[in-house]
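Inside the fold
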Amino acid sequence: MPEVEKEQEPEPEPQPQSPPTKKKRVGKKLSDKQKQDLKKHMDKMEMSVSEKRSHRMKLLAKMRQDPRMTAKKAHSMISK
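The numbers attached to residues start from 1 for each chain and follow its sequence in the written order. Where local features are concerned, this predicted model is filtered to residues with pLDDT of at least 70; where side-chain atom pairs are given and counted, the filter is 80 or more; whole-chain, interface and lining totals use all residues. Note that the side-chain values use all heavy atoms of the structure and ignore hydrogens as well as water.

Examining the overall build of the protein chain
Runs of E in the DSSP output that reach at least two residues are strands. Runs of H or I that reach at least four are helices, and both are numbered from the N terminus. A tally of regular secondary structure across the protein chain gives 3 helices and 0 strands. When the helices and strands of the protein chain are read in sequence order from the N terminus, they spell out α-α-α. Between buried and exposed lies partly exposed: a residue is buried under 20% and exposed over 50% of the maximum accessible area for its type, with that area taken using a 1.4 Å probe on protein chains only. Burial status across the protein chain gives 16% buried among its 80 residues. By definition, residues are in contact when any of their heavy atoms lie within 4.5 Å. Here the analysis covers contacts within the protein chain between residues at least 6 apart in sequence; of these, 37% occur between residues at least 24 apart. Working definition of accessibility: Shrake-Rupley area with a 1.4 Å probe, residue cover restricted to the visible protein chains. For the protein chain, the exposed area adds up to about 8,200 Å²; of that, 52% sits on carbon and sulfur atoms.

Encoded structure:
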């Protein structure tokens, strides 16, 4: 018996996945007092530009978590 060649159907190409959608963060705003405290704190710091940026971002993260957090408390938490 002759072998019957099966026609192989080409595999369907996988659907290109859409890029994962980022969930928009609901940002907590700092109070005016927190903003002033942060500015005063950063003015006092003697650091390079990149160190200041890193330090400021760490402070902002801590201060956004707790609305009563001051720059002084946040600084003491990240410098441990």
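The rest of the description comes next.
With respect to the packing of helix α1 (residues 32-44) against helix α2 (residues 49-65)
Lines fitted to the C-alpha atoms define the axes, with helices restricted to the stretch that makes contact. Angles between their N-to-C directions range from 0 to 180 degrees. Between α1 and α2, the least distance of the axes is 11 Å, while the angle of their chain directions is 155°. By the angle class used here, α1 and α2 are roughly antiparallel. In this structure, the crossing between α1 and α2 has a hand that is right-handed. For the pair formed by α1 and α2, the contact residues are Gln-34, Leu-38, His-41 and Met-42 on the first element and Lys-52, His-55, Arg-56, Leu-59, Leu-60 and Met-63 on the second. Roughly parallel means an angle under 35 degrees; roughly antiparallel means over 145; roughly perpendicular covers 65 to 115; every other angle is labelled oblique. By the definition used in this description, the sense in which the near helix is turned from the far one sets the handedness, with an anticlockwise turn below a right angle giving left-handed and a clockwise turn giving right-handed.

Concerning the pattern of salt bridges
One side-chain nitrogen of Lys or Arg within 4 Å of one carboxyl oxygen of Asp or Glu is enough to make a salt bridge. A complete count under the given rule lists 3 salt bridges for this structure. Between Lys-39 and Asp-43 there is a salt bridge whose closest N-O contact spans 3.6 Å. Of this pair, Lys-39 and Asp-43 both sit in helix α1, 4 residues apart, roughly one helical turn. Comparing Lys-39 with Asp-43 shows no difference in burial state: the two are exposed.

Brief notes about α2
Each helix should span, by expectation, one fewer than its residue count multiplied by 1.5 Å. The terminal C-alpha atoms of α2, which comprises 17 residues, lie 25 Å apart, in line with the 24 Å expected from a rise of 1.5 Å per residue. Turning to α2, its buried residues are His-55, Leu-59, Leu-60 and Met-63. End-on view of α2: buried residues confined to an arc of 140°, all on one side of the axis. In this structure, α2 carries Arg-53 and Gln-65 as exposed residues pointing more than 90 degrees from its buried face. Those residues of α2 that are buried lie in contact with α1 and α3 (71-78). This arc corresponds to the set of directions leading from the helix axis out to the C-beta atoms.

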